[in-house]
Amino acid sequence: MSESPNAAATERRHLTAAQRNAVAELLRVSPVADELGRRFAKAGHELHLVGGSVRDALLGRLGDDLDFATDARPDDTLRVLKGWAEATWETGRDFGTIGAQRHGIRLEITTFRAEAYDGVTRNPVVQYGDSLLDDLRRRDFTVNAMAVSVPDHVFTDPYGGLDDLAARRIRTPSTPQESFGDDPLRMLRAARFVAQLRFAVDPDVRAAMDAMATDLDRITAERIRDEFTKLLCGADPVAGLRLLVDTGLAQRFLPELPALKLAIDEHAQHKDVYEHTLTVVSNAVRLEGAEGPDFILRLAALMHDIGKPATKAVDQAGRVSFHHHEVVGARMTKHRMKELRYPKDVTSEVVKLVALHLRFYGYGRGEWTDSAVRRYVADAGDLLSRLHKLTRSDCTTRNRRKAAQLASDYDALEERIDRIAAEEDLARVRPDLDGNAIMELLGVPPGPIVGRAWRHLKELRLERGPLDRDEAEAELRRWARDEGVI
């Protein structure tokens with residue numbers, strides 16, 4: 001717990017040179033802040049940049065979203081914004097927040113609050129406050145409990161957030177027990193900050209997370225999902241994931257992850273499948289490239305082996321196997337993502353990657369025909385690039401010779417895909433005859449027969465590659481005779 005300020009002089013300090021430079025940069029990027037501050041002052045209200053905006057300005061990573069706090073109520077805020085903001089929205093009004101846009105900058109202006117949970121419900125009870133200091137006290141962490149008034153630029157840091165920012169330390173303005181009791185999601189947010197900002201949690205915060213992990217059960221799946229998604233897309237997701245597992249938080253919403261500690265990897269190159277999985281996540285992050293965090297790839301890397309505990313078997317010689325763990329894992333992934341309320345399209349892509357991640361193994365034994373390569377590409381579809389990265393990430397053996405062989409095998413597979421793709425349209429594997437041609441040749445109307453014929457021709461296309469028109473028609477007639485269609 002941070003010590004409460006004991007004098008006004010320690011509550012509000014004018015900016016030091018470093019702070020002044022940071023806020024000057026903030027205002028250079030967004031001159032609308034001072035302009036808006038003058039409008040609030042003219043209306044008799046305070047306005048302060050707060051929370052993440054101040055933290056990110058001091059870290060040099062400010063975006064185009066600015067957060068403000070004010071003593072004005074939402075209706076007062078709307079009156080101040082009228083005629084000035086290019087757009088306003090009230091989706092957060094129930095929480096005292098009014099949104100606005102000006103010169104491409106998104107603004108969120110929130111009435112001073114003192115929100116808390118009653119220990120039973122899953123959503124916060126919003127209570128308006130009148131004091132900036134009270135508002136800062138109810139915030140999650142000290143690094144988010146700093147403010148800069150606009151337009152006069154008075155810096156307020158009653159809980160030592162600036163020192164914690166310099167130390168890259170996560171503490172709470174009030175006691176961790178009080179803070180997490182008000183909103184248990186803050187425990188998950190602490191892990192997210194570890195992943196996003198590479199901060200470390202204070203020992204008292206860590207102890208409270210250990211003791212209060214079950215309180216996360218009070219939080220809606222949607223709020224947990226959103227925090228977890230941000231964590232996984234952080235600069236160092238593995239650090240955040242370790243904290244979730246070590247504190248027991250993962251057990252509350254992602255029990256499949258700690259369960260991996262129970263399954264020994266069959267390659268005997270890792271202490272357990274859990275460590276292997278975290279290594280795969282790290283590898284996937286490195287392979288993402290300049291396009292930035294790929295949530296679907298990262299989650300597939302995290303979930304790719306969750307079917308192993310359920311499929312673990314030990315033979316008489318003591319060898320461990322996990323037959324069909326990719327099938328079981330895909331089913332478990334679908335269930336977990338449904339529980340966390342992920343969209344169906346996102347779930348479908350992650351599930352497919354988990355199901356396909358083991359397909360490559362065996363290629364190096366020379367068993368793959370061109371048909372097998374076509375099916376690999378067709379089954380992956382738009383996810384082929386991600387499947388390449390996931391498969392390469394899954395190679396975590398410490399045996400340099402074996403690692404080099406696997407990498408060489410996959411290089412060969414990608415080269416083979418490129419060669420076949422140059423000869424055929426692998427990105428769009430379709431039958432050589434379309435539905436209209438099938439109906440014309442067979443003399444049948446639209447219906448199930450056309451669908452069956454189309455699927456047969458697609459199988460031929462995958463097996464033999466492109467057929468010319470005469471071959472395709474002959475194959476269609478042969479199938480129709482065998483099926484009794486003609």
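From a predicted model like this one, the values you see are computed outputs, not experimental measurements.

A. Inspection of the overall build of the chain at higher detail. If you tally the helices and strands in the chain, you get 25 helices and 12 strands. Every one of the 486 residues in the chain was classed for burial, and the buried ones make up 50%. Surface accessibility of the chain: about 22,800 Å² in total, with carbon and sulfur atoms responsible for 48%.

B. Examining the packing of helix α9 (residues 185–197) against helix α11 (residues 221–232) more closely. Between α9 and α11, the least distance of the axes is 8 Å, while the angle of their chain directions is 15 degrees. With respect to α11, the axis of α9 lies roughly parallel. When the axes of α9 and α11 are compared, the crossing they make is left-handed. Here L185, L188, R189, A191, R192, A195 and Q196 of α9 come into contact with α11, specifically with R223, I224, E227, F228, K230 and L231. Of the residues in the contact of α9 with α11, the class split is seven nonpolar, one polar and five charged.

C. Quick peek at the pairing of strand β6 (residues 105–111). Of all seven residues that make up β6, five are buried, and the element is covered over most of its length. Taking the residues that link successive antiparallel strands as the turn, the strand β5 (residues 97–102)-β6 hairpin has two residues, and the phi of H103 there is positive, at about 55 degrees.

D. Looking closely at helix α16 (residues 295–303). For α16, a buried count of nine out of nine residues is recorded, marking the element as mostly surrounded by other parts of the structure. Within the sequence span of α16, burial applies to F295, I296, L297, R298, L299, A300, A301, L302 and M303. For α16, the capping residue at the N-terminal end is D294, with a side-chain oxygen 3.2 Å from the backbone nitrogen of I296.

E. Up close: the side chain of R55. Take R55: it is sitting in helix α4 (residues 52–59). When sequence neighbours within four positions are dropped, the list of residues in contact with R55 reads R61, V143, N144, M146, L165, F193 and L197.

F. Molecular detail of the packing of aromatic side chains. According to the stated counting rule, one finds four aromatic pairs in the structure shown. Ring centres 5.6 Å apart and planes at 70 degrees place the aromatic pair F228 and F253 in the edge-to-face group. Of the two residues, F228 sits in helix α11 while F253 sits in helix α13 (residues 249–253), which places them 25 residues apart along the sequence. The pair formed by F228 and F253 is uniform in burial state, with each residue classed as buried. Arranged with centres 4.6 Å apart and planes meeting at 65 degrees, the rings of F360 and Y410 form a pair that is edge-to-face. Pair noted here: F360 is in the loop between α19 (344–356) and α20 (370–380) and Y410 is in helix α22 (residues 400–423), with a separation of 50 residues, a long-range link.

G. Broad picture of the environment of L185. Locating L185 in the fold gives a position in helix α9. Residue classification places L185 among the buried positions, given a relative accessible area of 2%. Residues L185 and D140 lie 45 residues apart in sequence; the distance between their C-alpha atoms is 9.6 Å. Those residues in contact with L185 that sit more than four places away from it in its chain are L216, I219, R223, I224 and E227.

H. Spotlight on the pairing of β5. With respect to burial, β5 is a largely interior element, five of its six residues being buried. Note that strand β4 (residues 87–89) and β5 share three bridges and pair antiparallel. When the sheet's bridge partners are listed, A87 is paired in β5 with Q101. In terms of strand pairing, β5 meets β6 through six bridges, oriented antiparallel. Across the sheet, residue Q101 finds its bridge partner in β6, namely R106.

I. Here's a closer look at the environment of D382. Mapped onto the elements, D382 comes out in the loop between α20 and α21 (384–393). The exposure class assigned to D382 is exposed, which follows from its relative accessible area of 82%. Remark: the alpha-carbon pair of D382 and E349, spanning 33 residues in sequence, is separated by 9.3 Å.

J. Here's a closer look at the nonpolar core. Formed by 102 residues in total, the largest nonpolar core has its most connected members in F68, F228 and L244. Looking at this core element by element, the count peaks at nine residues for α9. Leave out the neighbours within four places in its chain, and F68 touches A33, L36, L47, H48, L49, V50, L107, E108, I109, T110 and V150. Membership of the second largest hydrophobic core comes to 15 residues, among which are L433, V444, L460 and A472.

K. Up close: helix α5 (residues 74–81). Within α5 the residues assigned to the buried category are P74, T77, V80 and L81. Taken end-on, α5 shows its buried residues confined to a sector of 115 degrees, consistent with a single buried face. G83 sits one or two positions beyond α5 and adopts a positive phi of about 85 degrees.

L. Spotlight on the confidence of the model for the chain. Confidence in the prediction of the chain, expressed as mean pLDDT, is 86, and 86% of residues score 70 or more. Contacts for the low-pLDDT stretch residues 1–15, under 50 throughout, to residues beyond four places or in other chains number 43 contacts.

Criteria and thresholds
- Residues numbered from 1 in each chain as written.
- Predicted model: local features only at pLDDT ≥ 70, side-chain atom pairs only at ≥ 80, totals over all residues.
- Heavy atoms only, no water.
- Helix = DSSP H or I, 4+ residues; strand = E, 2+ residues; numbered from the N terminus.
- Buried < 20%, exposed > 50% of the residue type's maximum accessible area, 1.4 Å probe, protein only.
- Areas by Shrake-Rupley, 256 points an atom, 1.4 Å probe, with all protein chains shown as cover.
- Axes fitted to C-alpha atoms, helices over the stretch in contact; angles between N-to-C directions.
- Parallel < 35°, antiparallel > 145°, perpendicular 65-115°, else oblique.
- Left-handed = near helix turned anticlockwise from the far one by under 90°.
- Contact = heavy atoms within 4.5 Å.
- Nonpolar A, V, L, I, M, F, W, Y, C, P; charged D, E, K, R; others polar.
- Pairing = 2+ DSSP bridges.
- Polar contact = N/O pair within 3.5 Å; in protein donor to acceptor, adjacent residues only side chain to side chain.
- Phe/Tyr/Trp six-rings, centres within 6.5 Å; stacked < 30°, edge-to-face > 60°.
- Core = buried A, V, L, I, M, F, W, Y, C linked by side-chain atoms within 4.5 Å.
- Arc of directions from axis to C-beta.
- pLDDT = per-residue confidence, 0-100.

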